[in-house]
Amino acid sequence: MTGRFRGTAVAVFALVLSATAVGTAAADGTDFTLSPTSGPAGTTVTIDASGTTAFPAPTDPAPVTPSVAFNGVAATTVTLVSATELTAVVPATATSGTVTATVGMTTYTGPTFTVTTVPTPQPATWAVAISRQSVTYGASTVVTGTLTDAAGAVGGVTAELQQSTGAGAWLPAAGTQAATTNSAGAVRWTVTPRQNERYRVSSPATSNYLAAVSPPASVEIVPVLTLHPVEVAAAGVTFHLTGTVRPAIAGTLQLQRRNGTTWRPVAQAGAGSGRFSFAVTPTVVGPVRYRVVEAANAEHGAASSPAIRIEVTHALLRYGSSGAEVRALQRRLRELHYDVGPPSSTYGWDMVHAVTAFEKVQGIARDGVAGTQTWRRLDNPKVPHLEHPYPNAPVAVEVNLTKQILMIAKYGKVWRILDTSTAGGYTYTDSAGLTATAITPTGHFTIRYKIDHLVTDTLGTLWRPSYFNYSGDAIHGEGNTNSGSNVPPYAASHGCVRITDLAVDRYYNVLAVGTPVWIYH
C-alpha cells in the first residue's frame, strides 16, 4: 500500500480483500469525499473513494462489513455500494467532526461533516376577512387571508381557500387555486357564491410552521327577484303575475300589495323551480303596486323585487274611451306586435282594429271592445306564427284567411299584426257584367305594382293599392282616410285584402315591389 492509507493493519486488510486498487491520497490528505458535507441527523451521506481507495465489492468472495463514524459516533446504517462507494446515515447523537470509514481492519479518514439542527416548527395564525358579507346573487366578493407568527407577517407559505355550505364538510372553494402568502403574509381570492357559504383559509405544516386554519367567515346571498311587468288589468278579471327568482332554491315567496304606505301580503307561492305565478283579481279601479318578497332561510338572505305599477281599469274599454288605462292597453298590444297606431290615450279606430285582430287570433268575439274575455286573453295570449318565414327577407307578408289577419314580417319574425277583411265568398256581378264569386286567391305572390292614390272602378274604391297579381287583387284601403271603420271584422271583400286607410298610410312604403306575399287558410 502506498501513501493513500493512513490507517493500520495494512497487511491484514490486503489479505481480506480479493482485489485492491492502488491510488493516491486526496488533495486535502483525506482518503475519500463526502456528499453532502453537512445536514441534520438522519441525513444519508455518500462516501466516495474513487481514485484514492478501493473498498471490497459486494460480490467479493469474502465480503467485509464496513462501519462509519461521525466524530467518533458510529452510524447504525451503512451500505457498501461498490469497490469505491458506500453510504451511511448520520446518527441521532452525532456532532460535527471528522468522518471515518472502517473496512475490514483498515480505517480511512475523510473530511469534516457538519451536523446541523432542524428547526422546530412554530405556530402561526390565520385571520380571514371578506370584502362584502352580503352579496347579490351573481355578484362576487373578495376573501383575504393574513398569516402571522409571534414576530409578525409570514411570507412564502402556500394556502388553500375552503368553503362549507351550512354544516357540511370543508372542501376547496369552487373556482379557486392555492396561493402563496406575500411579504405581508397575505393571500386573496375572488369568489362568486351561489348560496350562503362559510369560508376559511388553511395551510399545511412546513419545516418552519405548524399547520394552521383560520376561523370561518360567512357570506350571505341575496336572491334576485324579478316580477314581470303588467301595465293594465281589468277590475274583477283574474290575471297572473309571474316572475323569476335566482338562485332557484327552495323558499316561500309572498306577493304584497301597497296600501298607502304599508305593504300587505295578498298571496304566497313556492319558488323551487326558479319561477313563480300568482293569480290576482283586482277589485278597485286605479293604479296599484305589487312586489314579491322572500324571507331569509339557511340557504339565502331576505330579498324583495322592485315594485311594479298596474293600472286597473273598468272591464270595458271601447271606441271613445280615454285615459291611462288606454295607454297601458296600447303598450301591451304593441308588445304583442299588434298595429295600434301612434301612441295615444284615446281609444280610436287604430285601437278598435288592434283589439279586433287580437280577438281574431284568440278565437273570441270580434267586437273591438276590450272586455272581460279580452283581458283574460291578454294575461296569457295565443301567439300567431308565420307559416312561410323568410329569414333573409327584409319584409314579407302573410295573410291568414281563416283568422282574417295580415302579418308583416321582418327577417322571418312577426313585426306587425293587422286586422283585415278578405273575400266573402258571395256572388256578385263583375265589371264585365258577369256573375262571379268573391274569392281571395291563395298561394305565393309578390307585390307586382303599386298605385299611390285613390283608384275607382265599378266595384268600389281602392286607396293606395299594392297589387300582388295582375288580376286586380291588392292590399288596399277604401279611401276614407278620416275613418278606420271601413274594415268589418269578417270576410267581406270581392277578392282583395282590405286593411284600414290609416294602416295603408303607415305601411304603403314598407310593402315595396317584390315583397313576398303568402295567402292561405
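To be clear, the structure that these remarks concern was listed above.
Below: a short report on this structure. (Residues numbered from 1 in each chain as written. Predicted model: local features only at pLDDT ≥ 70, side-chain atom pairs only at ≥ 80, totals over all residues. Heavy atoms only, no water.)

1. Re the packing of aromatic side chains
Under the defined criterion, the tally for this structure stands at nine aromatic pairs. A network of ring pairs unites the aromatic residues Tyr-449, Tyr-467 and Tyr-470 as a single cluster. Note that Lys-410 overlies the ring of Trp-415, its terminal NZ or CZ placed 3.9 Å from the centroid. Of note, Arg-416 hangs over the ring of Trp-415, and the distance from its end group to the ring centre comes to 4.4 Å. (Phe/Tyr/Trp six-rings, centres within 6.5 Å; stacked < 30°, edge-to-face > 60°. Lys NZ or Arg CZ within 6 Å of the ring centre and 35° of its normal.)

2. Things to note about the nonpolar core
Counting 29 residues, the largest nonpolar core has Leu-329, Leu-333, Tyr-338, Tyr-347 and Trp-375 as the members making the most contacts within it. It is helix H3 (residues 349-362) that provides the largest number of residues to this core, a total of seven residues. Apart from residues lying up to four places away in sequence, Trp-375 is in contact with Val-232, Ala-233, Ala-234, Val-237, Thr-313, His-314, Ala-315, Leu-317, Leu-329 and Ala-370. If you look at the next biggest cluster of nonpolar residues, it comprises 22 residues, including Ala-124, Leu-147, Val-201 and Ile-221. (Core = buried A, V, L, I, M, F, W, Y, C linked by side-chain atoms within 4.5 Å. Buried < 20%, exposed > 50% of the residue type's maximum accessible area, 1.4 Å probe, protein only. Helix = DSSP H or I, 4+ residues; strand = E, 2+ residues; numbered from the N terminus. Contact = heavy atoms within 4.5 Å.)

3. A few points about the pairing of strand S20 (residues 217-222)
The alternating pattern of S20 places Ala-217, Val-219 and Ile-221 on a buried face, while none of Ser-218, Glu-220 and Val-222, on the opposite face, is buried. Pairing between strand S11 (residues 134-136) and S20: three bridges, direction parallel. What sits directly across from Val-135, in S20, is Ile-221. When strand S18 (residues 197-203) meets S20, the two strands line up antiparallel, connected through three bridges. Bridge pairing in S20 places Tyr-199 opposite Ala-217. (Pairing = 2+ DSSP bridges.)

4. What about the sheet that holds strand S21 (residues 224-227)?
One open sheet accounts for three strands, arranged S21-S23-S26; its pairing is antiparallel. Each edge of the open sheet carries a strand with a single partner, namely S21 and strand S26 (275-280). On average, adjacent strands in this sheet sit at an angle of 20° to one another, irrespective of strand direction. Relative to S26, strand S23 (residues 239-246) runs antiparallel, the two sharing six bridges. Within S26, the residue paired with His-240 across the bridge is Ala-279. (Axes fitted to C-alpha atoms, helices over the stretch in contact; angles between N-to-C directions.)

5. Describing the pattern of salt bridges
This structure, assessed with the given rule, holds nine salt bridges. One salt bridge in this structure joins Arg-506 and Asp-339, with 2.9 Å as the shortest N-O distance. Of this pair, Arg-506 sits in helix H5 (residues 501-507) while Asp-339 sits in the loop between helix H2 (324-335) and H3, placing them 167 residues apart in sequence. In this structure, the salt-bridge partner of Asp-505 is Arg-464, at a minimum N-O distance of 3.0 Å. Of the two residues, Asp-505 is situated in helix H5 and Arg-464 in strand S38 (residues 460-467); the sequence distance between them amounts to 41 residues. Judged by relative accessible area, Arg-464 falls into the buried class, the value being 13%. (Salt bridge = Lys/Arg side-chain N within 4 Å of Asp/Glu carboxyl O.)

6. Description of the environment of Ala-94
Here Ala-94 lies in the loop between strand S7 (85-89) and strand S8 (97-103). You can call Ala-94 buried: its relative accessible area is 9%. Ala-94 sits 28 residues away from Gln-122 along the chain, and the two C-alpha atoms are 25 Å apart.

7. Some details on the environment of Trp-375
With respect to the secondary-structure elements, Trp-375 resides in helix H4 (residues 372-379). Once the C-alpha coordinates of Trp-375 and Val-232 are considered, the two residues, 143 residues apart in sequence, prove to be 8.9 Å apart. Engagement of the side chain of Trp-375 in a polar contact is seen with the backbone oxygen of Ala-315, the distance being 2.9 Å. (Polar contact = N/O pair within 3.5 Å; in protein donor to acceptor, adjacent residues only side chain to side chain.)

8. Topic: the side chain of Gln-362
Its place among the elements puts Gln-362 in helix H3. Residue Gln-362 is classed as buried on the basis of its relative accessible area of 1%. Of the polar contacts made by the side chain of Gln-362, one reaches the backbone nitrogen of Lys-382; its length is 2.7 Å. Apart from the residues within four sequence positions on either side, Gln-362 is in contact with Tyr-338, Arg-377, Pro-381 and Lys-382.

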